[in-house]
Amino acid sequence: MTAAIPVPAWLVGCGNMAGAMVDGWRASAVDFSNVAVIRPSGAPVESIRTLTDYPDQQPRFVMLGFKPQKLDEIAPRLEPHIESDTIIVSMLAGITASILRQRFPNARAIIRIMPNLPVAQRQGVIPLYSEDRDDQACDAVEGLMGLLGLAPWCEHEDQIAAIGAISASGPAYFARFAEAIGRAGVTHGLSSTLAHSIAAQTLIGTGAFAAATGESMGEVARRVASPKGTTEQGLAVLDGPEGLQPLVDRMLGAALKRVEELAEAARRN
Ligand SMILES: NC(=O)C1=CN([C@@H]2O[C@H](COP(=O)(O)OP(=O)(O)OC[C@H]3O[C@@H](n4cnc5c(N)ncnc54)[C@H](OP(=O)(O)O)[C@@H]3O)[C@@H](O)[C@H]2O)C=CC1
Ligand SMILES: O=C(O)[C@@H]1CCC=N1
């Protein structure tokens, strides 16, 4: 039997990220009867009732899937519907458990997650964090997230930001790297379509190879780079002092700084 969403359930906001989760749950045969998507556009979501406003109902499960900057607009109207048996799951970047508890004081449990887009293919990473010692609620949410990929619990709230900076933002970073390799291919005479499609296929294929062999990324790189061969010269550039690692450190640092700013803005209100 697959994990079940406690119902009635509301998915408040269902854009790129929550929509990907719905796709992953649909592929896992999760039952969506008595689940409602609430979004201002009313844009339909396949096989889920979509509303533009909150129904006269007390949901047992509410997933927050809107932008962090919308919290102050949404919380005052949502809060009166939250009762002592409502589990809130939040994917809002930077919005801490204590900020959420302040906005939704009556909630039974507040559980933060930081999913990533490959949840749609059930290949996601979905770290979880809660300050509420509600084993039943935590188990129910872990079961749902476990359908979508790797779902580790974080011991400290900082870890959700750190994991999120890697895995939630990660698809954008890997995609950008593949784009850069594609552009370099164009510089070397390939057509844009061919260069970008082979770069993307190489990313996909590398992931599939690593998954199938269980090799670390370091081992995969070593296997490709023949001693005194061509790849070794390319890796020497990436591995140099001005190479990839300091760039990635700066990249992650900038994203984590923004996490702090989002939290600070929410705390001020
Ligand atoms: N994108 C990603 O890869 C990841 C995103 N996140 C988090 O997910 C959240 C959503 O991001 P993302 O999906 O990218 O954003 P989108 O812009 O794609 O989706 C935002 C959703 O919020 C809805 N919304 C806007 N205003 C309201 C409102 N007043 N009441 C209810 N719903 C509202 C929108 O409704 P409508 O569709 O009707 O406009 C839309 O469905 C963010 O908090 C982000 O931090 C976390 C990890 C990864
Ligand atoms: O960019 C963002 O803010 C969201 C959170 C992590 C990935 N996307």
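Just so you know, these numbers come straight off a predicted model, no measurement behind them. (Residues numbered from 1 in each chain as written. Chains lettered and ligands numbered in written order. Predicted model: local features only at pLDDT ≥ 70, side-chain atom pairs only at ≥ 80, totals over all residues. Heavy atoms only, no water.)

Visitor: Residues and numbers for the domain arrangement of the protein, please.
Guide: Examined at the domain level, the protein breaks down into domain 1 (9–165) and domain 2 (170–263). With centres defined by C-alpha atoms, the gap from domain 1 to domain 2 works out at 31 Å. Between domain 1 and domain 2, the residue contacts involve 11 residues of the former and 9 residues of the latter. Each partner contributes to the roughly 730 Å² buried at the junction of domain 1 and domain 2, and carbon and sulfur atoms together form 74% of this total. Broken down residue by residue, the surface that domain 1 buries against domain 2 is led by Gly 94, Ala 161 and Ala 165, which jointly contribute 50%. Here domain 1 is connected to domain 2 by 0 salt bridges. (Domains from an automatic or database assignment. Contact = heavy atoms within 4.5 Å. Buried area = accessible area lost by both parts, 1.4 Å probe. Salt bridge = Lys/Arg side-chain N within 4 Å of Asp/Glu carboxyl O.)

Visitor: Tell me what's going on with the pattern of salt bridges, and back it up with residues and numbers.
Guide: One pass over the structure, following the stated rule, counts 12 salt bridges. In this structure, the salt-bridge partner of Glu 215 is Arg 223, at a minimum N-O distance of 2.3 Å. The buried category is assigned to Glu 215, whose relative accessible area is 18%. Note that Arg 267 is salt-bridged to Glu 264, the shortest N-O span being 3.2 Å. On the criterion of helical spacing, the pair formed by Arg 267 and Glu 264 is a turn pair, its members being 3 residues apart in helix 10 (residues 244–268). Beyond isolated ion pairs, a larger network of salt bridges with shared partners links Lys 257, Arg 258 and Glu 261. (Buried < 20%, exposed > 50% of the residue type's maximum accessible area, 1.4 Å probe, protein only. Helix = DSSP H or I, 4+ residues; strand = E, 2+ residues; numbered from the N terminus.)

Visitor: Give a detailed account of the site of ligand 2, specifying residues and quantitative values.
Guide: In the vicinity of ligand 2, the contacting residues are Ala 93, Ala 168 and Ser 169. Here ligand 2 loses 41% of its free accessible area of 250 Å² to cover by the protein chains. (Near = heavy atom within 4 Å. Areas by Shrake-Rupley, 256 points an atom, 1.4 Å probe, with all protein chains shown as cover.)

Visitor: Lay out the environment of Gln 233 with the relevant residues and their values.
Guide: Relative to the helices and strands, Gln 233 resides in helix 9 (residues 230–238). In this structure Gln 233 comes out as exposed when scored by relative accessible area, which is 54%. For the pair Gln 233 and Asp 72, spaced 161 residues apart in sequence, the C-alpha separation works out to 52 Å.

Visitor: Any chance you could break down the packing of helix 5 (residues 157–168) against helix 10 for me, citing the residues and the numbers?
Guide: Here helix 5 crosses helix 10 at 130°, and the two axes come no closer than 10 Å. Comparing the axis directions of helix 5 and helix 10 gives the class oblique. Remark: the crossing between helix 5 and helix 10 carries right-handed chirality. On the side of helix 5, the interface is formed by Ala 161, Ala 162, Ala 165 and Ile 166, while helix 10 contributes Leu 252, Leu 256 and Val 259. Across the contact of helix 5 with helix 10, the residue classes break down as 7 nonpolar, no polar and no charged. (Axes fitted to C-alpha atoms, helices over the stretch in contact; angles between N-to-C directions. Parallel < 35°, antiparallel > 145°, perpendicular 65-115°, else oblique. Left-handed = near helix turned anticlockwise from the far one by under 90°. Nonpolar A, V, L, I, M, F, W, Y, C, P; charged D, E, K, R; others polar.)

Visitor: Provide a residue-level description of the packing of helix 6 (residues 170–187) against helix 7 (residues 192–213), including the pertinent values.
Guide: The N-to-C vectors of helix 6 and helix 7 enclose an angle of 140°; their axes lie 8 Å apart at closest approach. Here helix 6 lies oblique to helix 7, going by the angle between them. You can see that helix 6 and helix 7 cross each other, and the crossing is right-handed. Only Ser 192, Ala 195, His 196, Ala 199 and Leu 203 of helix 7 make contact with helix 6, whose side of the interface consists of Phe 174, Ala 178, Glu 179, Ile 181, Gly 182, Arg 183, Gly 185 and Val 186. Considering only residue class, the contact of helix 6 with helix 7 consists of 7 nonpolar, 4 polar and 2 charged.

Visitor: A description of a nonpolar patch on the surface should follow, citing residues and the corresponding values.
Guide: The grouping of Phe 177, Ile 181, Leu 244 and Leu 247 at the surface amounts to a nonpolar patch, some 340 Å² of accessible area in total. Of all the elements in the fold, those that place two or more residues in the nonpolar patch are helix 6 and helix 10. Topologically, Leu 244 is positioned in helix 10. Its relative accessible area of 31% is what places Leu 244 among the partly exposed residues. (Patch = residues over 30% accessible without salt bridge, like charges linked within 9 Å, V, L, I, M, F, W, Y side chains within 5 Å.)

Visitor: So what's going on with the site of ligand 1? Which residues, and what values?
Guide: Every one of the 24 residues lining ligand 1 counts as a neighbour, but Asn 16, Met 17, Arg 39, Ser 41 and Phe 66 are closest to it. Between ligand 1 and Cys 14 there is a distance of 2.9 Å, counted from an oxygen atom to a backbone nitrogen or oxygen. A distance of 3.4 Å separates a nitrogen atom of ligand 1 from a polar side-chain atom of Glu 73. Out of a free accessible area of 900 Å², ligand 1 has 79% covered by protein chains. Among the elements of the structure, helix 1 (16–27) and helix 2 (71–78) are those that each provide at least two residues to the shell around ligand 1. Class assignment for the residues of the shell around ligand 1 results in 15 nonpolar, 5 polar and 4 charged. (Polar contact = N/O pair within 3.5 Å; in protein donor to acceptor, adjacent residues only side chain to side chain.)

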